[in-house]
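Understanding the architecture of this molecule
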Amino acid sequence: MDRDRTTTTPKTVGIVWGLLVLNTLGSAGAKTIVPLPRSLIQMVTMGALVAAFALALAVNLRLRLRAGAFLFLLTLLLVPSVISSAHLESGFGALFRCARLALFVGTLWLLSRWWDGGTTFVRHHIRMYFAVLGSVAAGLVISPGAALPELYGGRLVGALWPLTPPQIGQYAAVITGLTVLLVLGRRTDRAGAALVIVPSLVLLALTHTRTATLGLLIGLALAIGSLVLTSAAARRFFTWAVLCAGVAAVGFASALQAWFLRGQSQEHFTSLTGRAKVWDALLAAPRTTTEQVLGVGLGDKSFGGLPIDNSWLAVYHEQGLTGVALVAAIIIVLGGVALLRPPSLSRACAIFLISYCAIASYTEAGLGDASPYLLHLAVAASLLAAPAPAAPLDARSPSTTHPVPARRSEVT
């Protein structure tokens with residue numbers, strides 16, 4: 001098992017991560033109990049990103065960075081984004097989104113100094129998103145009608161902060177999966193884990209989010225499968241999970257089917273809640289060679305006024321085939337590195353996050369812009385980073401018996 005290195009990371013890093021999470025919550029969603037102007041929400045989220053960058057720079061004034069393929073490819077993604085956005089086909093908002101993405105990537109570069117293969121950022125991730133889910137639960141208690149509106153078919157939304165059911169489902173699924181893995185790796189006690197897992201699963205069920213549920217189940221299966229050969233706890237959990245799933249499939253088949261269909265007709269379900277029509281229209285739209293290669297510029301991930309809800313098509317629309325190739329390279333590189341690592345808790349958590357993002361990319365957008373999905377992948381990259389090697393003893397005093405502290409492998 002890899003050592004937990006949370007004690008070596010400044011507390012400011014956790015604050016920076018929380019600000020990045022706040023920035024990626026978005027400004028569009030359900031109606032809140034207290035109406036919040038969208039301009040105010042955007043000011044808060046952008047202010048959080050600026051503050052995150054400033055704090056990250058303050059805590060890393062010497063600009064000690066750890067180079068890696070993930071951040072390098074993410075930086076390259078800025079190139080087609082800026083070039084296509086400069087044509088202003090998507091308006092001046094495209095340049096604003098480019099600046100946001102640049103600040104987002106720059107903040108990740110500054111935080112990379114503490115990417116050492118430990119579970120530090122996993123814990124930050126769980127804490128921050130659990131706090132977000134806490135606001136959702138508070139809204140449900142204060143105003144059940146606002147939290148379960150008919151506009152969304154009775155699905156759970158954010159009543160204090162405008163969050164959609166897919167967002168809440170994503171956050172609940174991700175922290176549930178990571179917490180389960182921490183328990184299996186004996187990095188947290190079961191009582192503390194239950195305080196996170198149980199309410200998160202309840203909120204996930206109330207959102208009726210199929211993508212998040214499938215991502216959680218498949219991601220956990222792959223992650224735990226990577227530990228089966230080396231962890232008795234993982235083998236026991238996997239066995240019990242299979243047995244419980246079998247019993248649930250037999251005893252609650254009709255209830256599970258009703259929950260999964262959400263009262264939709266067969267035609268509506270097969271068209272992925274209308275997504276397929278938007279996808280077909282996007283692919284059929286005429287494009288110039290420049291638009292095919294570089295896209296039309298960063299936008300709001302919509303086409304014809306309707307959400308695209310597919311990361312690959314959203315990237316193709318906004319950043320062209322170049323963006324699609326870069327995003328695919330990010331997933332492939334992270335997945336390849338994870339497969340080459342020896343079995344460990346860090347590797348299992350990384351596999352869960354990578355597989356979840358890959359599954360969710362089919363019905364959710366976000367891999368090509370500042371989003372929770374890029375934060376998930378950043379956590380995966382931090383887990384896959386090699387620990388810094390220990391520095392040799394000082395050659396000028398070979399007889400010393402005091403160990404020299406390890407220095408981090410840095411690119412200045």
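How each quantity is defined
Residues numbered from 1 in each chain as written. Predicted model: local features only at pLDDT ≥ 70, side-chain atom pairs only at ≥ 80, totals over all residues. Heavy atoms only, no water. Helix = DSSP H or I, 4+ residues; strand = E, 2+ residues; numbered from the N terminus. Buried < 20%, exposed > 50% of the residue type's maximum accessible area, 1.4 Å probe, protein only. Areas by Shrake-Rupley, 256 points an atom, 1.4 Å probe, with all protein chains shown as cover. Patch = residues over 30% accessible without salt bridge, like charges linked within 9 Å, V, L, I, M, F, W, Y side chains within 5 Å. Salt bridge = Lys/Arg side-chain N within 4 Å of Asp/Glu carboxyl O. Lys, Arg positive; Asp, Glu negative; His and termini not counted. Charge placed at Lys NZ, Arg CZ, Asp CG, Glu CD. Expected span 1.5 Å × (residues − 1). Phe/Tyr/Trp six-rings, centres within 6.5 Å; stacked < 30°, edge-to-face > 60°. Axes fitted to C-alpha atoms, helices over the stretch in contact; angles between N-to-C directions. Parallel < 35°, antiparallel > 145°, perpendicular 65-115°, else oblique. Left-handed = near helix turned anticlockwise from the far one by under 90°. Contact = heavy atoms within 4.5 Å. Nonpolar A, V, L, I, M, F, W, Y, C, P; charged D, E, K, R; others polar. Core = buried A, V, L, I, M, F, W, Y, C linked by side-chain atoms within 4.5 Å. Polar contact = N/O pair within 3.5 Å; in protein donor to acceptor, adjacent residues only side chain to side chain.

The protein has the name O-antigen ligase domain-containing protein in an unreviewed UniProt entry, where Streptomyces coeruleorubidus is given as its organism.

Looking now at the overall build of the protein. Within the protein one finds 18 helices and two strands. Of all 412 residues assigned to the protein, the portion counted as buried reaches 48%. A total of about 19,100 Å² of accessible surface is found on the protein, and carbon and sulfur atoms cover 69% of it.

What follows deals with a positive patch on the surface. On the surface, a cluster of positive charge is contributed by Arg-186, Arg-190, Arg-235 and Arg-236. For Arg-190, the location among the structural elements is in helix H9 (residues 190-207).

In a regular helix each residue adds 1.5 Å, so 16 residues correspond to 22 Å; helix H10 (residues 210-225) covers 22 Å between its end C-alpha atoms and thus fits that length. Looking at H10, one finds that the buried residues are Arg-210, Thr-211, Ala-212, Thr-213, Gly-215, Leu-216, Gly-219, Leu-220, Ala-223 and Ile-224.

The subject of this paragraph is the packing of aromatic side chains. Under the defined criterion, the tally for this structure stands at six aromatic pairs. Arranged with centres 6.4 Å apart and planes meeting at 80°, the rings of Trp-115 and Phe-121 form a pair that is edge-to-face. Among the residues examined, Trp-115 registers a relative accessible area of 5% and is labelled buried. The class of Phe-121 is buried, set by a relative accessible area of 1%. Plain terms: the ring middles of Trp-279 and Tyr-362 are 5.3 Å apart, the flat faces sit at 70° to each other, and that makes the pair edge-to-face. On the criterion of sequence distance, the pair formed by Trp-279 in helix H14 (residues 275-284) and Tyr-362 in the loop between helix H17 (345-360) and helix H18 (372-384) is long-range, its members being 83 residues apart.

Attention now moves to the packing of helix H3 (residues 69-76) against helix H5 (residues 93-111). For any two helices packed against each other, the geometry is given by the interaxial angle and the distance between the axes. Where H3 contacts H5, the two axes come as close as 10 Å, and the packing angle between them is 160°. As summarised for this structure, H3 and H5 are arranged roughly antiparallel, according to the angle between their axes. Here H3 runs over H5; the crossing is left-handed. Residue-level inspection shows Leu-71, Phe-72, Leu-74 and Thr-75 of H3 in contact with H5, the latter providing Val-105, Leu-108 and Trp-109. Looking at the contact of H3 with H5, its residues break down into six nonpolar, one polar and no charged.

Among the secondary structure elements, Leu-95 is positioned in helix H5. Take Leu-95: its relative accessible area is 37%, and that puts it in the partly exposed class. A sequence separation of 13 residues divides Leu-95 from Val-82, and the C-alpha atoms of the two residues are 7.1 Å apart.

Quick look at unusual backbone geometry now. One non-glycine residue with positive phi stands out, namely Arg-186, at about 60°. Positionally, Arg-186 belongs in the loop between helix H8 (165-184) and H9. Here Lys-301, not a glycine, exhibits a phi torsion of approximately 60°, which is positive. Among the secondary structure elements, Lys-301 is positioned in the loop between helix H15 (289-294) and strand S1 (302-303).

This brings us to the nonpolar core. Counting residues in hydrophobic clusters, the biggest one holds 99 residues, and the most contacted among them are Trp-17, Phe-70, Leu-111 and Leu-377. Among residues more than four places away in sequence, those in contact with Phe-70 are Trp-115, Ile-330, Leu-334, Leu-374, Leu-377, Ala-378 and Ala-381.

Checked against the element boundaries, Thr-363 lands in the loop between H17 and H18. Within polar-contact distance, the side chain of Thr-363 engages the side chain of Thr-211 at 2.6 Å. Leaving out residues up to four positions away in the same chain, Thr-363 has contacts with Thr-211, Arg-275, Asp-309 and Asn-310.

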